[in-house]
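Each chain, letter by letter, is given below.
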Amino acid sequence: MVGLLANRAQFGLILPSTNTSVEAEFNRMLVPGVSWHSGRIFAANPDLSSSEAMVAFLEELRIEIKRAVQSVVHAKVDFLVMGMSAETFWGGKSGADEFVKFMGELSGGLGVTTGAAACGAVVKAYGAKKIGVITPYQPVGDQQVVDFFEQIGCTVHKIIGLKCESATSISLVTPEALKDAWRQVDAEDVDLLFQAGTNLLAGKAAAELEVELGKPVIAINTATVWHAYRTNGIMDKVEGWGSLLEKY
């Protein structure tokens, strides 16, 4: 239900307990009449130092996610927004669709924005065919991202996984390191650059690199906020976060 202050939408935001970037960026993209209400998925072991560790981390999150969803649904929020992205890409397009269904069931039927769904909508908005992608993931996670994009009709020119050692260390990657990685996955015939991994503080770096490269550079948190807003009829343009929120 909407509230006295958030009279347009009260969003339930689901994110891992290790994440320090989502709320910081989402709140800076806030528009009037909207609020974020967080439910944190407890992650006892933040180790991401190998593909096996990453799979174990995500398996733990899948077990713990129910309590996080229950905590925000209890506040009678209007819509769910996923502040984590790896799980939303897992299993390619069919896995992404199944995850949306899973979240709907957990929440008693609420709509949900996921990172994967947001990226799919971005591809359609820009008409992108060939993309480059950066992530904080290990190879097993990168492959899930590639599978998703290829299954929705994109060609992935190149993907770079930064192989961050832990879920908490992801937030320490600098803007310059992100820009350098994006430049490495770019090419003249690449239409659009993406970033996955919500604990990367990539929103402002993406907006700055768009100016340098003259093409869309889309951070996952920016895409997620945009998708949540537009899905709920919130059409406000937000400046300073790149072309997606400013023009679409």
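In short, a report on the structure. Counting of residues starts from 1 at the beginning of each chain's written sequence and follows it residue by residue. Local features are withheld for residues below a pLDDT of 70 in this predicted model, meaning they are given only at 70 or higher, and side-chain atom pairs are given and counted only at 80 or more; totals for whole chains, interfaces and linings count all residues. The side-chain figures draw on all heavy atoms in the structure; neither hydrogens nor water molecules are used.

This part covers the overall build of the protein. Numbering of helices and strands runs from the N terminus, with a helix taken as a DSSP run of H or I at least four residues long and a strand as a DSSP run of E at least two residues long. Scanning the protein from terminus to terminus reveals 10 helices and 8 strands. Here the globule rule reads 2.2 Å times residues to the power 0.38, and the radius of gyration is calculated from C-alpha atoms. The globule rule puts the C-alpha radius of gyration for 248 residues at 18 Å, and the 17 Å found for the protein is close to it. Along the longest, intermediate and shortest principal axes, the C-alpha atoms of the protein span 50 × 40 × 30 Å. Burial analysis of the protein (248 residues in total) assigns 55% to the buried set. Every residue pair with non-hydrogen atoms within 4.5 Å of one another is taken to be in contact. Sequence separation of 24 or more characterises 75% of the internal contacts of the protein that already satisfy a separation of 6 or more. Computing the positive centroid from 21 side-chain charges and the negative centroid from 28, the protein places the two 6 Å apart. Only protein chains enter the accessibility calculation, which uses a 1.4 Å probe; a residue whose area is less than 20% of its type maximum is buried, one above 50% is exposed, and one in between is partly exposed. By the counting rule applied here, Lys and Arg register as positive and Asp and Glu as negative, while His and the ends of each chain are not counted. Taken as the charge centre is NZ of Lys, CZ of Arg, CG of Asp or CD of Glu, depending on the residue.

Right, let's talk about the sheet that holds strand β3 (residues 79-82) for a bit. Strands pair, by our definition, only if DSSP identifies at least two bridges between them. Spatially, the 4 strands line up as an open sheet ordered β2-β1-β3-β4, and their pairing is parallel. With one partner strand each, in any of the chains shown, β2 (34-41) and β4 (112-113) form the two edges of the open sheet. In this sheet, β2 lies alongside strand β1 (residues 9-16) in parallel orientation, the contact comprising 8 bridges. By the bridge assignment, P16 is partnered in β2 with I41. Angular values range over 0 to 180 degrees, each being the angle between N-to-C directions of two axes fitted as lines to C-alpha atoms, with helices fitted over their stretch in contact. Along the sheet, helix α2 (residues 51-73) contacts β1, β2 and β3; its crossing angle with β2, the most-contacted strand, is approximately 145°.

On to helix α6 (residues 139-151), then. How far a helix is expected to stretch is found by multiplying one less than its residue total by 1.5 Å. Taking 1.5 Å of rise per residue, 13 residues should cover 18 Å, and α6 covers 18 Å from first to last C-alpha, within 8% of that figure. Buried within α6 are the following residues: G141, D142, Q144, V145, V146, F148 and F149. One or two residues past the end of α6 sits G153, with phi positive at roughly 105°.

In a soluble, globular protein the nonpolar side chains are often hidden away together inside. Put simply, buried Ala, Val, Leu, Ile, Met, Phe, Trp, Tyr and Cys residues joined by side-chain atoms within 4.5 Å make one nonpolar core. Formed by 84 residues in total, the largest nonpolar core has its most connected members in F11, I14, F149, W182 and F194. Aside from chain neighbours lying at most four places away, what touches W182 is I134, L193, F194, Q195, A202, A205, A206, L209, V217 and I218.

Pairing is parallel across the open sheet formed by 4 strands, whose spatial order is β6-β5-β7-β8. Both edges of this open sheet fall to β6 (155-161) and β8 (217-219), since each of them pairs with a single strand only. In this sheet, adjacent strand axes meet at a mean angle of 20° when their direction is disregarded. Contacts from α6 reach β5 (130-135), β6 and β7 (192-195) within the one sheet, and its direction differs from that of β6 by about 165°.

Aromatic pairing here means that ring centres of Phe, Tyr or Trp (its six-membered ring) are within 6.5 Å. Orientation follows from the plane angle: under 30 degrees is stacked, over 60 is edge-to-face, and everything else is tilted. A full pass over the atoms with the stated rule returns 11 aromatic pairs. Between Y126 and Y248 the ring centres are 4.5 Å apart and the planes differ by 45°, which places this aromatic pair in the tilted class. Placement of Y126 in helix α5 (residues 115-126) and of Y248 in the segment after α10 (243-247) is noted, with a sequence separation of 122 residues between them. By relative accessible area, which is 18% here, Y126 ends up buried. On the basis of relative accessible area, Y248 is assigned to the partly exposed category, the value being 32%. Two conditions define a charge sitting above a ring: the NZ of Lys or the CZ of Arg must be within 6 Å of the ring centre, and it must be within 35 degrees of the ring normal. Over the ring of F102 we find R62; its NZ or CZ atom is 4.5 Å from the centre of that ring. Its end group placed over the ring of W241, K204 keeps NZ or CZ at 4.4 Å from the ring centre.

By themselves, these are just geometric observations and shouldn't be taken as functional.
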